[in-house]
Amino acid sequence: MSIVRISPLTLEDMDLLLELRMEVLSNVFEEERKNITDDEWEKIRNQNEIYYKKHLKDLGHVACAAYVNDKLAGCGGICLYDEMPSPDNISGKCGYLMNIYVRKEFRRKGLARSICHFLIEKGKESGAEKIYLESSVMAVPLYSSMGFEDMHGYMKLA
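All figures in this text were calculated on a predicted structure; none of them were measured in a lab. (Residues numbered from 1 in each chain as written. Predicted model: local features only at pLDDT ≥ 70, side-chain atom pairs only at ≥ 80, totals over all residues. Heavy atoms only, no water.)

Here we look at the environment of Val140
Here's step 1: Topologically, Val140 is positioned in helix 5 (residues 140-145).
Here's step 2: Judged by relative accessible area, which is 40%, Val140 ranks as partly exposed.
Here's step 3: Sequence separation between Val140 and Asp150 is 10 residues; the distance between their C-alpha atoms is 9.2 Å. (Helix = DSSP H or I, 4+ residues; strand = E, 2+ residues; numbered from the N terminus. Buried < 20%, exposed > 50% of the residue type's maximum accessible area, 1.4 Å probe, protein only.)

Some words on the UniProt feature "domain: N-acetyltransferase" (unreviewed entry) in the chain
Here's step 1: Sequence positions flagged by UniProt for "domain: N-acetyltransferase" (unreviewed entry) are, in local numbering, residues 4-158.
Here's step 2: Counting secondary structure, residues 4-158 comes out at 37% helix and 26% strand; the distance between its end C-alpha atoms is 40 Å. (UniProt positions renumbered as here; feature names shortened; annotations may be inferred.)

Details of the sheet that holds strand 2 (residues 61-68)
Here's step 1: Taken together, five strands build an open sheet; the order of strands is 1-2-3-4-5 and the sheet is mixed. Each end of this open sheet is capped by a strand with a single partner; those strands are strand 1 (4-9) and strand 5 (130-133). Strand-to-strand twist in this sheet, taken as the mean axis angle between neighbours without regard to direction, amounts to 25°.
Here's step 2: Where helix 1 (residues 14-28) meets the sheet, its contacts fall on strand 1, strand 2, strand 3 (71-82) and strand 4 (93-102), and the angle it forms with strand 4 comes to roughly 75°. (Pairing = 2+ DSSP bridges. Axes fitted to C-alpha atoms, helices over the stretch in contact; angles between N-to-C directions. Contact = heavy atoms within 4.5 Å.)

With respect to unusual backbone geometry
Here's step 1: One non-glycine residue with positive phi stands out, namely Asn99, at about 60°.
Here's step 2: Along the polypeptide, Asn99 turns up in strand 4.
Here's step 3: Unlike most non-glycine residues, Arg108 shows phi in positive territory, near 65°.
Here's step 4: Looking at where Arg108 falls in the secondary structure, it is placed in the loop between strand 4 and helix 4 (111-125).
Here's step 5: Note on Arg108: relative accessible area 75%, which makes it exposed.

Here you go:
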């Protein structure tokens, strides 16, 4: 039987945080990575370090690592912030799930769901009333089964 452990990551885990973040980016932006120089990639890494140093300290981000039988298997994070209060989020407190990532050999075993549950709980503990995410096509069934709904009308400036 596999033993799954989800552990919060702190500033003391900076090397691991950055290793995982760059692994996630390498997978999500696999094609784009081919056109990014090593210097540009290092700048992205450095900017992530600045982000973590600020937001792990001010509690604007919670990061975690997932282990299966003490082997590093995945990670995730939730950005915590305020937006203007509205009828669907009276407090204005939000959580944005990101980097829900499981290494290939550990996929399809419920680990992403465990990471999400951990981070959603952290978001709720911080007072977030609205928790959302962006999803790959592959992960839509998972997130739908957890109660996430499509948010129509969102657009991004190119």
